[in-house]
Amino acid sequence: MKVLAAGVVPLLLVLHWKPGAGSPLPINPVNATCNTHHPCPSNLMSQIRSQLAQLNGTANALFILYYTAQGEPFPNNLDKLCGPNVTDFPPFQPNGTEKVRLVELYRIVAYLGTALGNITRDQKTLNPTAHSLHSKLNATADTLRGLLSNVLCRLCSKYHVAHVDVAYGPDTSGKDVFQKKKLGCQLLGKYKQVMAVLAQAF
Amino acid sequence: MALFAVLQTTFLLTLLPLRTYQSEVLSEPLPLTPESLKVSINSTKQCLHLQWTVHNLDYHQELKMVFQIQISRFKASNVIWMGNYSTTVKRNQVLHWSWESELPLECAIHFVRMRTMVDDARIPAPRFWSNWSSWEKADAQNSLGDHPLYVFPKDKLVEEGSDVTICYISRNHQDNISCYLEDELTYGKQLDQNVWAFKLKNVSFHRKTGTNFYCKGQGVPEGVVLFVSKVLEEPKDFSCETRDLKTVTCTWDPGSDTGLIQLPSYTLFESFSGKKTLCKHRNRCDWQVTQDSQEVYNFTLVAENYFRKRSVSILFNLIHGVHPLAPYNLFPKSVSATNATMSWKVSSIGHNSALLCQLQLLGEGKVIQQHNISVRVNGEYLLSELKPDTEYVARVHCAYADHFWKWSELISQNFTTAEAAPSEAPDVWRDVTFVSGHPTVTLFWKPLSKVHTNGKILFYNVVVENLDEPSSLEVLSVPAPANSTKVTLNRSSYQIYVTAHNSVGPSPASAVAISGHPENENVEEGRVNGTEDGFHMSWKPQSRNATGYVVEWCDDPQNLPCVLQWKNLGPTNTGTVISSDAFRPGVRYDFRIYEISAKGMAHLLEKKAGYLKELAPSYNPEVATINLTSHSFTLSWKDYSTESQTGFIQGYYVYLKSKTGEKCHREFEKTVLPDNSVGCKYTIDNPDQKTFVVKDLQPESVYEFFVTPYTSAGEGPLDDFTKVTTPDDYSHILTHIILPMIFCVLVVTITCYLKSQWLKDKCYPDIPDPYKSSVLSLIKFKENPHITIMNVNDCVPDAIEVVNKPEGSKIQFIGTRKSPTETKGTKPVYLDLLPTEKNYSGPGPCICFENFTYNQAASDLGYCGHFPVTPQAPHCQLGPLTSPENLLKTLEQNYMNSLGEIPAGEANLNYVSQLASPMSGDKESPPANPPEPALCSEYKMQMAIPLGLASPAPSKNSSLSSTALLDPSEHCH
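What comes next is a walk through the structure. Bear in mind that the values here come from a model prediction, so they are computed numbers and not experimental data.

A few words now on the packing of helix H4 (residues 98-126) of chain A against helix H6 (residues 177-201) of chain A. All names here are of chain A. Interaxial distance between H4 and H6 falls to 10 Å at its minimum, and their mutual angle equals 150°. Once H4 is placed against H6, the crossing between them reads as left-handed. Between H4 and H6, the contacting residues are Arg101, Leu105, Ile108, Tyr111, Leu112, Ala115, Leu116, Ile119, Asp122 and Leu126 on the first element and Val177, Lys180, Lys181, Gly184, Leu187, Leu188, Tyr191, Val194, Met195, Leu198 and Ala201 on the second. Residue composition of the contact of H4 with H6, grouped by class: 16 nonpolar, 1 polar and 4 charged.

Following this line, the structure appears as structure tokens:
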């Protein structure tokens, strides 16, 4: 497991907080019990689809806003600088069973949530006046959190899956500024691509 | 002696180590080679950090040494820098030295070596360099990964205007890599097989978030971000103050932003106490005063960023820099009409320190009172000499009383004084008119000025006192803001008092005396000239007992009703200047000057009229032309008012032009008109003359005239000329003869029209009375003894027509004029009593069938075929009533009437009126051919015609004929 970035820890705390818990989500816990923080709503899949559609609908705008804020060479070298070449990105099989798809979705959303947290943190430092970008990043992160909660609810309530192994996005805190910009751009390019697939799959 | 021996021994023992030292160190130069040389890389600062020791020094030995350092790049032999470093070296001391590389250290392997030489004055020359140390290698590329492209330095922070070198390392030698600063291609220099360097000179600030420098080849572009900082400025206007003797606040102007996300730091040092504090703001810093009663502070502000450090200092005396906090809670404690007590509080300073507060009173934006008050905690001051019902602003600020340095911020509070009774009587004037002998007085008064109202005027009281009946008082209350009222009086003397009232009470009364008798208006009107200042007017006093004068006028006399204006003048005045913003050029103003008697009565003294500035007349009179004769005409413009013009009308110009362009008439002068035409001009210099006779004109000639008034400013506008044509000399005769004649003809025509029926009955009745026929008179005249008149009652129908044709064609047949051949096929069988055209052979007597009632042939043919009469040939001369037109019209009418009475399809017996015209089949459309002379035969007087003249012989179908046998000698020719 990679080093958790500063943006990852608060996210996990919010998502998985419960009395006595302060550590990140355990991976492959033994004897895990399915206990959600809030009662799951009845129309979970509908909400998941709606959230995916919402994220898919705003992904391109977020991507454009991001690479525009980074300055040249990003807007004119999207294929090379912002291509969806993200290593360790969780896979997704659209033809799998709902349970498998939900598990994979959970991994992807968790990955994206942490990566987006890193991007938001970096951009607040690198582009402190890009308020529109910050706002969109925050809104996307909020929706991802909601989606993650709903997916977990669904997994828990229907498939009794309490915990899923997750991988997190690359930590950018030690990178130089150009790398931060590039990694963020690649991540958002991947985010845009994968959201289109996910919105179709559900 | 023993003591001497002891001292000598001690001295020798003391010298012994020195000697030993000298023999060991100074006597022979030692090879002091630097050892344990280590080279490390600081990528952030791009520095090679060297660390070494000199082992050969003795214990406690301390020498000044010079180290010569060589730095090579890529290979040891490529020395790029060599320099000396001097320092004092102790035994086993670890020495440090750094070298900042212009080229990012990641882009090249560096080699370092050094040698040393003692440079101490205690070591005599000659001095020798030691041997070089071995080359130490500094290779940052070892830590790089396996990416194909690297760009350095990462996140470099540079100051604007400086130079920076950027390099890239490419793993792929075949790749063609281009590098850009933002979007501008940058050219570099190849340093090694796979290393290129780009020297950016005089870099400029792009944006706070850094400047991208990137390189791209076939693979993923790589880049770095340069953070360019503006040069840190020295803080300006550095000053300190205290507001409460507890905290010192220093402020400064930091200058322009360095443009980096990382702001420069500001630190405040105080040298006397040796304390410092890190400032939380970039332009302000607070320093807590301690209890050690330090009064003087030596502050130094240090601004620092990555590149620079700037500092400014100030010597600050705490007592001399007190800037008190603003007072608070300022409010009017008590307010009357003329006084107000203001109260406020101040923040305490130190121990029982007093503040000097300044209370200012502002009225209408200006400071009208200013008072200084010493205050410790609560301030209070009584403001007097205020005006009633007036809004004031009170404001206060304070300063440190012991040592004034700066006023605190001002605080202000509005308040309004209470009302008081109006302090002055209203200025009243009157206008007296007499209606049915009773005076009607319109009282006018001017609103009191703000200074005198002392509150809001609610109403005006008008008290009318009849001086002849002292007990009679009439009181009127006129609500504000009215400024006039009307009072109808009797023929008595009156005294009228007017007072203005506000919520507190009335003003002093203003009195006006009315005599009750008409004033003497027969005062000659004078003129007054206007100037830029107004109207300068003077008058002659009539009475020595005058108490004053009043000049009245209307500001806008063109708009009624007049808003009366007046000006009161003292008894010593015999002139004044009347000015008003309402005065306009070109407007006549009438002034009336009154003398006020001792009893308060006003007597009209003079009347004056004037213009602020006379203008040329704005319009011309409408001129009527009267008394037009062949030689003269009169122009009249009596409706033109001279009073309401834009200047005093001095007269008129009459312009006259004739088509013939002849010479000007007497009294006219030739002039060139504004339209460059030539005309004649006559000047009337009497403004009251509004008629003018133009004489000596030519008959039947066209003249054009134009009348315009003139004032001192010029004449009226040029209008169109009016044309007048003089009649000829005989036109009156024509008028006197032709018009009556036309009248008479019209009367006769109308009479004839009205009496047409009577005339018709009289002259050409529908059924002529043979006995009344004029023919009879002719016959009688010829005294023909054989003449007889056919008795109508004896008439026997002469033919009965049996119609065999279809019913529908009957009317058409009658109504359509057709040729005999056309009608042949449908011609009914009848007894033809008339000769046909065929039967006619040559000229012969005109034989007419007098009664057509039963003559179908005549009806069919439509013309008198048996009348071979040429247009020249006279035809039936049956008198004036037998003219073809008249007859035809009458016949047509009756014929159609008769047709209309016959139901179609019912009448097999075709009755033909004796008045039927064969030509008038269609009443609406006139006949295509005008009636030929033969058509006159359609109507014939019923008279006896000699039988022998009637030809041809009746056909075998004919049965009876009603034709009377006439005298053979009686026929038309």
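What follows picks up the thread again.
This part covers the sheet that holds strand S45 (residues 624-626) of chain B. All names here are of chain B. Strand order in the open sheet formed by 3 strands is S45-S46-S50, with antiparallel pairing between adjacent strands. Of all strands in the sheet, those bounded by a partner on one side alone are S45 and strand S50 (691-694). Neighbour to neighbour, the strand axes of the sheet diverge by 25° on average, direction disregarded. As paired elements, S45 and strand S46 (residues 633-636) share 3 bridges and run antiparallel to each other. Looking at S46, one finds that Thr625 is bridged to Leu635.

Of the residues lining the interface, 19 residues belong to chain B; the matching set on chain A comes to 18 residues. Between chain B and chain A, roughly 1,500 Å² of surface is buried when both sides are summed, and carbon and sulfur atoms account for 55% of that area. Applying the counting criterion to the chain B and chain A interface returns 2 salt bridges. Counting only elements with at least two residues in the side of chain B that touches chain A, the list comes to strand S15 (211-216) and strand S16 (222-229) of chain B. Ranked by residue count, the leading element in the side of chain B that touches chain A is S16 of chain B, at 5 residues. When grouped by side-chain class, the residues that make up the side of chain B that touches chain A number 7 nonpolar, 6 polar and 6 charged.

To continue, consider the state of the cysteines. Residues and elements named next belong to chain B. Scanning all chains against the criterion turns up 7 disulfides over all chains. A sulfur-sulfur separation of 2.0 Å characterises the disulfide bridge that pairs Cys179 with Cys215. Its S-S torsion of approximately 110° makes the covalent link between Cys179 and Cys215 right-handed. Here Cys179, found in strand S11 (residues 178-181), pairs with Cys215, found in strand S15; they are 36 residues apart in sequence, far enough to count as distant. Each of the two residues, Cys179 as well as Cys215, counts as buried. Disulfide pairing places Cys554 opposite Cys562 at an S-S distance of 1.6 Å. In this structure, the disulfide formed by Cys554 and Cys562 twists by about -100° around the S-S bond and is classed as left-handed. You can call Cys554 buried: its relative accessible area is 17%.

Reading guide: rules and limits
Residues numbered from 1 in each chain as written. Chains lettered and ligands numbered in written order. Predicted model: local features only at pLDDT ≥ 70, side-chain atom pairs only at ≥ 80, totals over all residues. Heavy atoms only, no water. Axes fitted to C-alpha atoms, helices over the stretch in contact; angles between N-to-C directions. Helix = DSSP H or I, 4+ residues; strand = E, 2+ residues; numbered from the N terminus. Left-handed = near helix turned anticlockwise from the far one by under 90°. Contact = heavy atoms within 4.5 Å. Nonpolar A, V, L, I, M, F, W, Y, C, P; charged D, E, K, R; others polar. Pairing = 2+ DSSP bridges. Buried area = accessible area lost by both parts, 1.4 Å probe. Salt bridge = Lys/Arg side-chain N within 4 Å of Asp/Glu carboxyl O. Disulfide = S-S within 2.5 Å. Buried < 20%, exposed > 50% of the residue type's maximum accessible area, 1.4 Å probe, protein only.

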